[in-house]
Amino acid sequence: MLSLLRRSPRKISLLLCTTAIAVSSFAQAADPIVIKFSHVVADSTPKGQGALLFKKLVEERLKGKVEVQVYANSSLYGDGKEMEALLLGDVQMTAPSLAKFGQYTKKLQVFDLPFLFKDIHAVDQFQQSDTGKSLLKSMENNNITGLGYWHNGMKQLSANKALHVPRDARGLKFRVQSSDVLDEQFKAVRANPRKMSFAEVYQGLQTGVVNGAENPWSNIYSQKFNEVQKYITESNHGVLDYMVITNTNFWNGLPNDIRTQLTVILTEVTEHVNSEADALNQKAKQAIIDSGSSEIIELKPEERAQWVKAMKPVWSKFEDDIGSDVIQAALNVSK
Ligand code: LMR
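This report concerns the structure included in the present document. (Residues numbered from 1 in each chain as written. Predicted model: local features only at pLDDT ≥ 70, side-chain atom pairs only at ≥ 80, totals over all residues. Heavy atoms only, no water.)

Let's talk about the side chain of Asn 274
Here is step 1: Checked against the element boundaries, Asn 274 lands in helix 11 (residues 256-291).
Here is step 2: Within polar-contact distance, the side chain of Asn 274 engages the backbone oxygen of Tyr 149 at 3.1 Å.
Here is step 3: Not counting residues within four places of it along the chain, the set of residues in contact with Asn 274 comprises Asp 124, Tyr 149, Trp 150 and His 151. (Helix = DSSP H or I, 4+ residues; strand = E, 2+ residues; numbered from the N terminus. Polar contact = N/O pair within 3.5 Å; in protein donor to acceptor, adjacent residues only side chain to side chain. Contact = heavy atoms within 4.5 Å.)

Here it is in structure tokens:
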């Protein structure tokens, strides 16, 4: 203390200043790493549940080191904006539908091809195959790293008109995600596709801007689409799944031990989401039946065959972009 007093006032203030900087950078170092996880669906859906479980496990196991903030239902960014935000570093994780990556890679369009996967188990097998895993890395040049696939489920067609055969869809306006394949899929049955962000769909259906849509049961029920769609055809014609993604620079810049622990947690969450997704969808389907809001149409085999015949030609239009090897790999698991 005495030696401090003997120093000149300038030296003392310098010393205090240096101490203040040291204290504040210590405080900064102790601040948790914040992961903002933004998505567009309800908490009750497979993705919503996955994001919340990820938050819970991270905050239990990396207490004080990592904090996860989940923003559901397009409350922070709607689709279109969430990937931009990820690239700008405004959010650190998100899980867009596989239909929404067209701007960054054409290969993921394989998941949108109608009637390619016979069910969600085939989708799962493809995602776990070498080709499926390699697609997680297909956007690293764009600073996007795929951390895993989360299921939602197979899509069902809904409309304000009963859809039994492709002819019934003629001239109707269908909302589609931002995917050129899905656009072509509806054109193939002479319907009019309209790209629209998820947050706008309810109003679009309610006001007649669009007459129909395609969604897994969990999205239909949690967004109340069934209240504005009189008919739902159980078509299972395609899949709506997700890629959990992060900003590559953010991810690679994390301390090694933190990245390793986050990877372990995410693997656990992925297993949980993927084992529960089908049950959540069946529960949502049952809730729609119980509500009596919509008539559910089951397709006879010969009706389904007509949809397949009308929509399958879409594949060849995208074969060059996707790569026939990728399509073949997906077909191999569906055999
Ligand atoms: C959609 O836009 O229909 C879906 O991608 C929403 C979602 O994330 O499930």
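Right, picking up where we left off after that structure.
Concerning the environment of Lys 285
Here is step 1: Structurally, Lys 285 can be placed in helix 11.
Here is step 2: Residue Lys 285 is classed as buried on the basis of its relative accessible area of 16%.
Here is step 3: Through-space distance from the C-alpha of Lys 285 to that of Pro 216 is 9.1 Å; in sequence the pair is 69 residues apart.
Here is step 4: Other than its neighbours up to four places away in sequence, Lys 285 contacts Trp 217 and Glu 234. (Buried < 20%, exposed > 50% of the residue type's maximum accessible area, 1.4 Å probe, protein only.)

A short note on the site of the ligand
Here is step 1: Neighbouring the ligand are 13 residues, the closest being Lys 47, Lys 100, Arg 175, Gln 177 and Tyr 242.
Here is step 2: Gln 177 places a polar side-chain atom, nitrogen or oxygen, 2.8 Å from an oxygen atom of the ligand.
Here is step 3: A distance of 2.5 Å is found between an oxygen atom of the ligand and a side-chain nitrogen or oxygen belonging to Tyr 242.
Here is step 4: Protein contacts shield 100% of the accessible area of the ligand, which totals 270 Å² for the unbound molecule.
Here is step 5: Among the residues making up the shell around the ligand, the classes are represented as five nonpolar, four polar and four charged. (Near = heavy atom within 4 Å. Areas by Shrake-Rupley, 256 points an atom, 1.4 Å probe, with all protein chains shown as cover. Nonpolar A, V, L, I, M, F, W, Y, C, P; charged D, E, K, R; others polar.)

Some points on the environment of Glu 59
Here is step 1: Relative to the assigned elements, Glu 59 resides in helix 3 (residues 46-61).
Here is step 2: Filtering out sequence-adjacent residues up to four positions away, Glu 59 remains in contact with Val 66, Glu 67 and Val 68.

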